[in-house]
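Each chain is listed here by its residues.
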Amino acid sequence: MIRTRIAPSPSGFLHIGTAKTALYNWLFAKKHGGRFILRLEDTDAERTDEQYVQGMCEGFKWLGIEWDEGPPFGDIPEKGEYGPYRQSQRKHIYRKEAYRLLEEGKAYKCYCSKQELEQYKDDTGNLYYPGFCRNLTPERIREKGDAPYVIRFKVPEGETIVEDLIQGTVRFNNNQYDDFIILRANGDPVFHLAVVVDDIYMKISHVIRGDDHLTNAPRHIMLFRALGADLPKFAHHPLVHDEQGRKFSKRMHGANVLDWRDDGYLPEAIINYVALLGWTSEEENKEFFTLQELLEKFTLERISKSASRFDRRKLEWLNGLHIRNLPVDDLRDRLIPILEKHGFNTSTKSKDWLTKLAKICQEKLPTLNRIVFLSDFFFKDFETYEPEGEKKWWSQPEIVISQFNLILEKIKNIESWDCDNIKKAFEEICSQQNIKIGALVNPTRLAITGKTIGPGFFELTELLGKEKTIERLIKAIAYLKNKGA
Ligand code: GLU
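Throughout what follows, the structure given in this document is the object of discussion. (Residues numbered from 1 in each chain as written. Predicted model: local features only at pLDDT ≥ 70, side-chain atom pairs only at ≥ 80, totals over all residues. Heavy atoms only, no water.)

**Here we look at the overall build of the protein chain**
Part 1 of the reasoning: Counting its regular elements, the protein chain contains 20 helices and 11 strands.
Part 2 of the reasoning: For the protein chain, whose C-alpha radius of gyration is 32 Å, the value lies well above the compact-globule estimate of 23 Å for 485 residues.
Part 3 of the reasoning: Judged by the C-alpha coordinates and their principal axes, the protein chain covers about 110 × 45 × 40 Å.
Part 4 of the reasoning: In the protein chain, buried positions account for 51% of the 485 residues.
Part 5 of the reasoning: Residue pairs at least 24 apart in sequence account for 74% of intrachain contacts in the protein chain once pairs closer than 6 positions are excluded.
Part 6 of the reasoning: With the model as given, the accessible surface of the protein chain reaches about 23700 Å², and the carbon-plus-sulfur share is 48%. (Helix = DSSP H or I, 4+ residues; strand = E, 2+ residues; numbered from the N terminus. Rg over C-alpha atoms; globule rule 2.2 N^0.38 Å. Buried < 20%, exposed > 50% of the residue type's maximum accessible area, 1.4 Å probe, protein only. Contact = heavy atoms within 4.5 Å. Areas by Shrake-Rupley, 256 points an atom, 1.4 Å probe, with all protein chains shown as cover.)

**Let's talk about helix α14 (residues 370-379)**
Part 1 of the reasoning: The element α14 is extensively covered by neighbouring structure, given that eight of its 10 residues are classed as buried.
Part 2 of the reasoning: Those residues of α14 lying buried are I371, V372, L374, S375, D376, F377, F378 and F379.
Part 3 of the reasoning: Next to the buried residues of α14 lie α12 (328-341), α13 (351-361), α18 (437-449), α19 (457-464) and α20 (466-484).

**Regarding the site of the ligand**
Part 1 of the reasoning: Taken together, R5, A7, S9, E41, F191, V195, R209 and H213 form the complete shell of residues around the ligand.
Part 2 of the reasoning: Between the ligand and the protein, one listed contact pairs an oxygen atom with a side-chain N or O atom of R5 at 2.6 Å.
Part 3 of the reasoning: S9 is positioned such that a nitrogen or oxygen atom in its side chain is 3.3 Å from a nitrogen atom of the ligand.
Part 4 of the reasoning: The fraction of the free accessible surface of the ligand (300 Å²) that becomes covered by protein chains is 79%.
Part 5 of the reasoning: The residue inventory of the shell around the ligand, partitioned by class, reads three nonpolar, two polar and three charged. (Near = heavy atom within 4 Å. Polar contact = N/O pair within 3.5 Å; in protein donor to acceptor, adjacent residues only side chain to side chain. Nonpolar A, V, L, I, M, F, W, Y, C, P; charged D, E, K, R; others polar.)

In structure tokens, the structure reads:
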């Protein structure tokens, strides 16, 4: 049985890099009929914040990355038979395993204080424990009485080989690892012990995680062996870099997955884009993927070894494609809350009207939030016109006024107010006046929407309604007369 997990530390929001790790684990498990586990690495009480636990779970839920096993969240109870799924509730297990290693002589008590050890560093300047307490005699240990101690793992000699599904075979000389702490003086486990014990207890078959953990893998492998467990398969995928090629900083907008929701991105697009941050399909140049397609095509073998750069424009492009891919009713339902959030009362409009709005804007939405710009004039009157538009389309007010009067004359008589009839009316004026349709439509668009761009003109005019269209043309005439005076 394939069992994968995402094991975030809730010391921050759901980072885009964590979302990528979760997605790869989730896709891999689902593709193989396995299970995907959410485990919270919250042993560090000082850094853990319930607000982040909520934010992370909400982020996964928004993306549609549902866990098969995991801690309770909102109305969802704890799921799975290997719980609890929060490390803070599993401390007794880590302690038990640490003391087992101690009894079996694979770990030892260390009484050295932090201050005493400050001067011992490796070539790269990191602290390196020289093993002072490794071979304390039973008498020496007895002499220490109840002095505080940590438990350290006895790193064996030799080398540790990581057979990685993405990185290939990576060899590490064990002498680059000191006898690392597994249990702190207060009885709390260190990350390495907790991760390995949980992966064993939760029967994790594949550890898929960021390659910043590749150098931790040897420590974990040593611990798996010392605890007498089989190794899971490892797959370390590259990190996500920002557009400048640096580590994607937590402080940047967009590092938090939920920023994208706020910005009007679809979870479908984020999933698609995040999958491509390291993975490519066999089909050349194919970049648009639905979740279903990803489930069919995703393989660990096609994950690249090098870090990928975040590209906001590409994400926006993909988002537009996913918006266009939505059934229009679905799009409508996603647009309504955004309109409401911006103070537009959608309950005054019929469902049919809202569906039409979604339809005429669908092609023009790089993000859902763009709907505000594309449709605000339907919901509220405006006092000003786009200055660039005035320059471009209203530079000869007398002509524009006479055109508007012709339009008013004509559309008054339209009985059935729909796109085709409105278009017919405009075309008739154009042929009588011998002008191009754009010369009539563009100034009118400015009059009735206040803007130079937006949804298709005849479609929007239909939706705006006859009365409003007439009212706004009259208002624009008054404005233009005033301006000319
Ligand atoms: N808590 C670790 C992290 O967020 C997870 C490590 C692991 O997946 O083994 O990076």
